[in-house]
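What follows is each chain in one-letter form.
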Amino acid sequence: MHRSWHDGPPVSEIDPLEMDRRLGQAQRGLPDPVQLDRQVGRAHDAYQRWLRQLRQDPISVDEPLSEHRVVSSRLTFRDLTQLGDQDPLRSYLERWIFSLGESRVNAPYEQAMQRLCYHDPTLVHGAEGEPCTRSRLLERALAGGEGTKYWLDQYLQAAEPYSVLVREVWQRRAEIARRWGVDYDQQSGCGIAAVEAAQHWLDRTQDMFGELHCSALAQFVELACARDAQLDWPSRLSWRSLTGWFAGGELCSSLQVKSKALPARLAPASFLRGLCRLGEEWSYTLAPNDQFFVVAHEPYDLHTHTHAALFALLLCNDGFLKSALAAPAPKLPAARRALHRALLIESRVRAFKVLASHAALQGGAAFEEIFLGTLGSRFGFTVPSKATGSLFTPKKQAVQRFVGLMLAAAADTALTEAHDLDWFRNPRG
């Protein structure tokens, strides 16, 4: 007879990492890949619903995967070795269960970061006298004008609690990988040397970025917002305005939007972000439903980020600018340059986040050095040590966001060569 993991302290007093060890005391038989696949799909849906709820209600549910421990535990991950190397689902299940396990253990940190960013007021007050959240401070900075530097400074002064959480969540990721006996970069990566690829991209674009003569954070933000792209942008950034750009074609005819969240309309670059969200929803809608879930969906969303970037790249397509925004010929060159600058900056930020996420796994000292050293050499400015990670925050899918952008650029070139600039209107495209 084996002892139940219920023996001992109450569940609420056990660290989530210790919970996996307790679960491991139970003997289990050979895992059923098909059953696990269904459970992974349900667990993923539950976690995504929880993420969508966080901004509105950050304290609604503390453990979004508590009912899905079977597909988010180290024991199940180890049991998969019983399937043997020949099982076609084994490698897919391993990546998914590791990803869900990390999400389960770090859910309290994700919840705390969302609360700090979107709900807890800072000591800074806005023009109307009301306390500002950290997200509101950033939104005011991105709105442009003479207040950009002031609001960025206020954000950095209030950033320390958020910065601490960012460091801690990456240290937890490193610890989870160690306990599960895997290399985090390999288990969560794209099968390429992402750090080397990101370093190469920063090297390759360094001179190009230098031509922008950017030496201050506020100036960097203004260039990233592409304010010089003065075209007839829609008055509102909504799903209707975004999908309206594709009216008359088939590209978005079957789109089913699951999330209502869209970025605020602050600058032309907001529409780049909006098209990214459209690409994400398009990717979710078009995912094959006749395959196993773990095969049709990638746990770190590489395909989703690739499609998202491909949609955003349309704003660098003259054919799209003319058809969707009726861009007049005299304004087109300046708008094109501004949007290209914004995408150049975004690509370098994504590459930097790959380096930052890798450094964060090595420890706090390496993470701080990235922001105090590499950030300055690559972008021309730094942030205070107490605010490291509060801007250019490396998220869980930092590698996929960077690699997805590179893959999207290659796909855009291939589609243009095969179907011309208006490939987005070509049914064969």
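Just so we're clear, the structure is a prediction, and the values are computed from it rather than from any experiment.

1. Thoughts on the pattern of salt bridges
- A complete count under the given rule lists 20 salt bridges for this structure.
- Here arginine 69 makes a salt bridge to glutamate 63, at a shortest N to O gap of 3.9 Å.
- Residue glutamate 63 is classed as partly exposed on the basis of its relative accessible area of 45%.
- Close ionic contact of arginine 277 with glutamate 281 constitutes a salt bridge, the shortest N to O distance being 3.1 Å. Of the two residues, arginine 277 and glutamate 281 both sit in helix 12 (residues 268-286), four residues apart, roughly one turn of that helix.
- Overall, the relative accessible area of 2% leaves glutamate 281 in the buried class.

2. Some points on the confidence of the model for the chain
- Residues at a pLDDT of 70 or more form 91% of the chain, whose mean pLDDT is 89.
- Across residues 1-14 the pLDDT falls below 50, and counting only partners more than four positions away or on other chains, this stretch makes 15 contacts in the model.

3. A short note on the packing of aromatic side chains
- Inspection of the entire model under this criterion finds 28 aromatic pairs.
- Ring centres of phenylalanine 367 and phenylalanine 371 lie 5.1 Å apart, and the angle between their planes is 70°; this geometry places the pair in the edge-to-face category. Of this pair, phenylalanine 367 and phenylalanine 371 both sit in helix 17 (residues 364-379), four residues apart, roughly one helical turn.
- We classify phenylalanine 371 as buried; its relative accessible area is 0%.
- Ring geometry for phenylalanine 379 versus phenylalanine 392: centroids 6.0 Å apart, planes at 10°, classification stacked. Of this pair, phenylalanine 379 sits in helix 17 while phenylalanine 392 sits in the loop between helix 17 and helix 18 (398-419), placing them 13 residues apart in sequence.
- For phenylalanine 379, a relative accessible area of 1% puts it in the buried group.
- By way of ring pairs, the aromatic residues Trp233, Trp245, Phe246, Phe271, Trp282, Phe311, Phe320, Trp423 and Phe424 are connected into one cluster.
- Sitting over the face of the ring of tryptophan 170, arginine 173 holds its NZ or CZ atom 4.4 Å from the ring centroid.

4. Re the nonpolar core
- In terms of nonpolar packing, the biggest core is built from 83 residues, with Val40, Phe98, Phe220, Phe371 and Phe392 touching the most fellow members.
- The residues contacting phenylalanine 371, other than those within four sequence positions of it, are Phe352, Ala356, Thr382, Val383, Thr388, Gly389, Leu391 and Phe392.
- In this structure, Trp245, Ala269, Ala324 and Ala338 belong to the second largest nonpolar core, which totals 43 residues.

5. Quick word on the packing of helix 7 (residues 160-180) against helix 16 (residues 332-362)
- Two elements in contact, helix 7 and helix 16, have axes separated by 8 Å at closest approach and are oriented at 65°. Taken together, helix 7 and helix 16 sit at an angle that is classed as roughly perpendicular. Seen from above, helix 7 lies across helix 16 with right-handed handedness. Of the residues in helix 16, those touching helix 7 at Trp170, Arg173 and Ala174 are Ser357, Ala360 and Leu361.
- Here the residues of the contact of helix 7 with helix 16 are counted per class, giving four nonpolar, one polar and one charged.

6. Quick word on empty space enclosed by the protein
- Counted under the stated rule, the structure contains one cavity of 30 Å³ or more.
- Size it by volume and the largest cavity reaches roughly 70 Å³.
- Taken together, Trp170, Tyr184, Asp185, Ser188, Ser357, His358, Leu361, Lys395, Lys396, Ala398, Val399 and Gln400 make up the full set of residues lining the largest cavity.
- When its residues are assigned to classes, the lining of the largest cavity shows five nonpolar, four polar and three charged.

Criteria and thresholds
- Residues numbered from 1 in each chain as written.
- Predicted model: local features only at pLDDT ≥ 70, side-chain atom pairs only at ≥ 80, totals over all residues.
- Heavy atoms only, no water.
- Salt bridge = Lys/Arg side-chain N within 4 Å of Asp/Glu carboxyl O.
- Buried < 20%, exposed > 50% of the residue type's maximum accessible area, 1.4 Å probe, protein only.
- Helix = DSSP H or I, 4+ residues; strand = E, 2+ residues; numbered from the N terminus.
- pLDDT = per-residue confidence, 0-100.
- Contact = heavy atoms within 4.5 Å.
- Phe/Tyr/Trp six-rings, centres within 6.5 Å; stacked < 30°, edge-to-face > 60°.
- Lys NZ or Arg CZ within 6 Å of the ring centre and 35° of its normal.
- Core = buried A, V, L, I, M, F, W, Y, C linked by side-chain atoms within 4.5 Å.
- Axes fitted to C-alpha atoms, helices over the stretch in contact; angles between N-to-C directions.
- Parallel < 35°, antiparallel > 145°, perpendicular 65-115°, else oblique.
- Left-handed = near helix turned anticlockwise from the far one by under 90°.
- Nonpolar A, V, L, I, M, F, W, Y, C, P; charged D, E, K, R; others polar.
- 1 Å grid on protein atoms, 1.4 Å probe; cavity = no way out; pocket = protein on both sides within 12 Å on 5 of 7 lines; lining within 4 Å.
- Points joined across faces, edges and corners; volume = space filled by probe spheres on them.

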